[in-house]
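Listed below are the residues making up each chain.
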Amino acid sequence: MSSPLTHLAGASASALGGYVARLGAGAVLALGLVLGGCGNPVIDAEIEALGGEAEGVAPGEFHRPGQPCALCHNDYPGEDPLMAVAGTVFADPVSFHPVEGAEVILYDAVGQIFRKETNCIGNFFWTRDEADPQFPFAVEVRCPTYNTDGTPKTDPTGKPIFKVKAMGSWVSRDRSCAGCHSLTGRQLDSTGWIYCNTQQEAATNPYPPIAETCAGKPPRQKGAASE
Ligand code: HEC
Ligand code: HEC
């Protein structure tokens, strides 16, 4: 004897078959998404709002600087590679000029320390294969420094001098620095993107132009902070 449930499932499946046959391809696709039921409309909408790739930039370590990397590189929607933590470091609060060679350091809840350098477009990341920082963790960014003539600043022994920017609070669950440090600049929902120089410091610590060989492009200036 078939249970009412099996009966119902069988009936609706065949009814659905007839129904689907009468619909266009687009409607079938939409129906499939609804029935699939594994999407997350909130995250989908946030991803959609980020827009497509910058022209001429392939998906990879140099793409989408300043965007919340782990919105996409997370269990859902699961873009490869899954990120443990990722973000971007910029030069100042008014431009999207990237800082290459900044060192990002995480001090996690169980005493592990992780270090990464930013690439030519300012991005850094730890994939989940590389690192498993435990929340909450503290964050510090060591920014490279330059003389006004553009040469790297060093101490008398020739070691580069870094300027330390430490986050006063802990990161307790977001794998994307840009989850809080968004590209919209300082606002109610954002503490502003991560940067090395205040506007005043920009003249005395000039960051070099983006390397010509760099495969990334900075974010569009639209939406830059009015700070
Ligand atoms: C809007 C979604 C989205 C965002 C935001 C995003 N990525 Fe990606 N990323 C992708 C997709 C899609 C791919 C291609 C995945 C594939 O090939 O399977 C990709 C690929 C990559 C790869 C793998 C390249 C390779 O060859 O294996 C790296 C590394 C990467 N992204 C880093 C980043 C970093 C760092 C950020 C943040 C600064 C970021 N992504 C932000 C969607 C995104
Ligand atoms: C939960 C939101 C949040 C996340 C996620 C977050 N931050 Fe922050 N960050 C803040 C807030 C708020 C401040 C300012 C107050 C403070 O220092 O605690 C800040 C300050 C900073 C500062 C100091 C800024 C300055 O000019 O002195 C740095 C550097 C920084 N964050 C780096 C990072 C990095 C790198 C990541 C990712 C690994 C990250 N933050 C993730 C909220 C966040």
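Everything quoted here is computed from the prediction, not taken from an experiment. (Residues numbered from 1 in each chain as written. Chains lettered and ligands numbered in written order. Predicted model: local features only at pLDDT ≥ 70, side-chain atom pairs only at ≥ 80, totals over all residues.)

### Re the sheet that holds strand 6 (residues 162-166)
Rules: Any two strands between which DSSP finds at least two bridges are classified as paired. To qualify as a helix, a DSSP run of H or I must reach at least 4 residues; to qualify as a strand, a run of E must reach at least 2; elements of each kind are numbered from the N terminus. Every angle, taken between N-to-C directions, lies between 0 and 180 degrees, and every axis is a line fitted to C-alpha atoms, over only the stretch in contact when it is a helix.
Spatial ordering of the open sheet is given by 3-2-5-6, a layout of four strands whose pairing is antiparallel. In this open sheet, the two strands that pair with only one neighbour each are strand 3 (113-117) and strand 6. Taken pair by pair, the neighbouring strands of this sheet meet at an average axis angle of 20°, ignoring direction. Sheet topology places strand 2 (residues 103-107) next to strand 5 (residues 138-144); five bridges connect them, and they run antiparallel. The partner of Leu 106 across the bridge, within strand 5, is Val 139.

### Re the site of ligand 1
Put simply, the rule is: Residues are counted as near a molecule or strand when the C-beta atom, derived from backbone positions, lies within 6 Å of that molecule or strand. Residues are sorted three ways: Asp, Glu, Lys and Arg are charged, Ala, Val, Leu, Ile, Met, Phe, Trp, Tyr, Cys and Pro are nonpolar, and all the rest, Gly among them, are polar.
Surrounding ligand 1, one finds 21 residues, the nearest of these being Pro 59, Gly 60, Arg 64, Cys 69 and Cys 72. Those elements giving two or more residues to the shell around ligand 1 turn out to be helix 3 (41-50), helix 4 (69-72), strand 1 (83-88) and strand 4 (123-127). For the shell around ligand 1, the leading source of residues is helix 4, giving three residues. Here the shell around ligand 1 is built from residues that sort into eleven nonpolar, six polar and four charged.

### Considerations on the site of ligand 2
Taken together, 17 residues lie near ligand 2, and Met 167, Gly 168, Ser 169, Cys 177 and Cys 180 sit nearest. Of all the elements in the fold, those that place two or more residues in the shell around ligand 2 are strand 1 and strand 5. Residues belonging to the shell around ligand 2 are distributed by class as follows: nine nonpolar, six polar and two charged.

Everything listed is a geometric property; what it means functionally is a separate question.
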